[in-house]
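Examining the three-dimensional arrangement
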Amino acid sequence: MVSLEYLLKFIEEDAPSGDATSDAIIPDVTCRAVIRAEQEGVAAGLLEAVALFSHFGVDVQQESRDGEVVKTGNVLLSLSGDAKKVLLVERTALNIIGRMSGIATQTQKMVDLVRAENPRCRVAGTRKTCPGLRALDKKAVALGGGDPHRSSLSDGVLIKDNHLVLVPVKEAVRRAKAASTYRKIEIEVENADDALLAAQAGADILLFDNMTPDSVRTTIRELKQADLRDKVTIELSGGITAETIREYARTGADVISLGALTHTVRNFSVTLEILK
């Protein structure tokens, strides 16, 4: 789980000088409440919500777990404590659960589509996350059964097209290997010639960017003919959707990465209900 200090910044954003409404009209009373799912999907962000409510003295009972498939109407968390504190945390907790569950649910959908065609192929996220929310976005991808991929530029070597404008492929791979003995070298390619050149230069992972399924199949075939296919991991990315991902999975790729898991998030609907 991310740190409490990180999570409390969200409360500070939402209530920099307290909750004006609750402070004005709510007496010092306790209440019970539940957070309930309003649709079916993969629950995520519950541990973060528990941490926030608990920090403000609200007792929390987890009725569901992160990564669990929940149905419409299921209670995710049961709460009891100071009514003002429940209301203070409410929106932040729902925002976290809603965004993370939306990402986890979409990821699981993609994972299921891919596994139906190619059980060995993994689904991965990208760095196309909301600034400031990457830790939560990446965790949600993992809870949905995906691979979070790089968390930051510091995590791995990925040589992209803009790098290659400045440094040729062979030299880029050579420099990357000289800089680190332990990190795998990934390089972005757009056609079969680029893929062969990168594999021959010693790249460990080939990122096929914006290639059609037919181009992917052709390139994999040429890598096999050059006895290079088994020496590299093949990752596909660029414009892949739920409608096309099964065809991409059938190409025999090892990984399919999708920015849409985190940059186009459909919020998962959850609600908090005060009980008397």
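Residues numbered from 1 in each chain as written. Predicted model: local features only at pLDDT ≥ 70, side-chain atom pairs only at ≥ 80, totals over all residues. Heavy atoms only, no water.

Let us now look at the pairing of strand E5 (residues 75-82). A regular strand places its side chains on the two faces of the sheet in alternate fashion. The sheet contact formed by strand E1 (residues 30-37) and E5 spans seven bridges and is antiparallel. Paired with Val34 across the two strands is Ser78, which belongs to E5. Both strand E3 (residues 59-62) and E5 contribute to a ladder of four bridges, which runs antiparallel. Residue pairing for E5: Gln62 is matched across the bridge by Leu77. (Pairing = 2+ DSSP bridges. Helix = DSSP H or I, 4+ residues; strand = E, 2+ residues; numbered from the N terminus.)

Before going further, it helps to spend a moment on the nonpolar core. If you look at the biggest cluster of nonpolar residues, it comprises 42 residues, and the most contacted ones within it are Ile35 and Leu79. Counting only elements with at least two residues in this core, the list comes to helix H1 (4-14), E1, helix H3 (46-55), E5, helix H4 (83-117), helix H5 (134-143) and strand E12 (270-275). Ranked by residue count, the leading element in this core is H4, at 11 residues. Residues within four places of Ile35 in sequence aside, it is in contact with Phe53, Asn74, Val75, Leu76, Leu77, Leu79, Leu94, Ile97, Val270, Thr271 and Leu272. Grouped together as the second largest cluster of nonpolar side chains are 39 residues, Leu113, Ile159, Ala195 and Val232 included. (Core = buried A, V, L, I, M, F, W, Y, C linked by side-chain atoms within 4.5 Å. Buried < 20%, exposed > 50% of the residue type's maximum accessible area, 1.4 Å probe, protein only. Contact = heavy atoms within 4.5 Å.)

In this section: the pattern of salt bridges. If you walk through the whole model with that rule in mind, you get 16 salt bridges. Here Glu273 ties to Arg36 by a salt bridge, and the two come within 3.2 Å at their closest N and O atoms. Remark: Arg36 occurs in strand E1 and Glu273 occurs in strand E12; sequence separation between them is 237 residues. The exposure class assigned to Glu273 is partly exposed, which follows from its relative accessible area of 28%. We classify Arg36 as partly exposed; its relative accessible area is 23%. (Salt bridge = Lys/Arg side-chain N within 4 Å of Asp/Glu carboxyl O.)

Bringing the environment of Pro27 into the picture now. Assignment of secondary structure puts Pro27 in the loop between helix H2 (20-25) and E1. Of the residues examined, Pro27 reaches a relative accessible area of 48% and is grouped as partly exposed. Each C-alpha atom of the pair Pro27 and Asp82 lies 9.7 Å from the other, and the pair is 55 residues apart in sequence.

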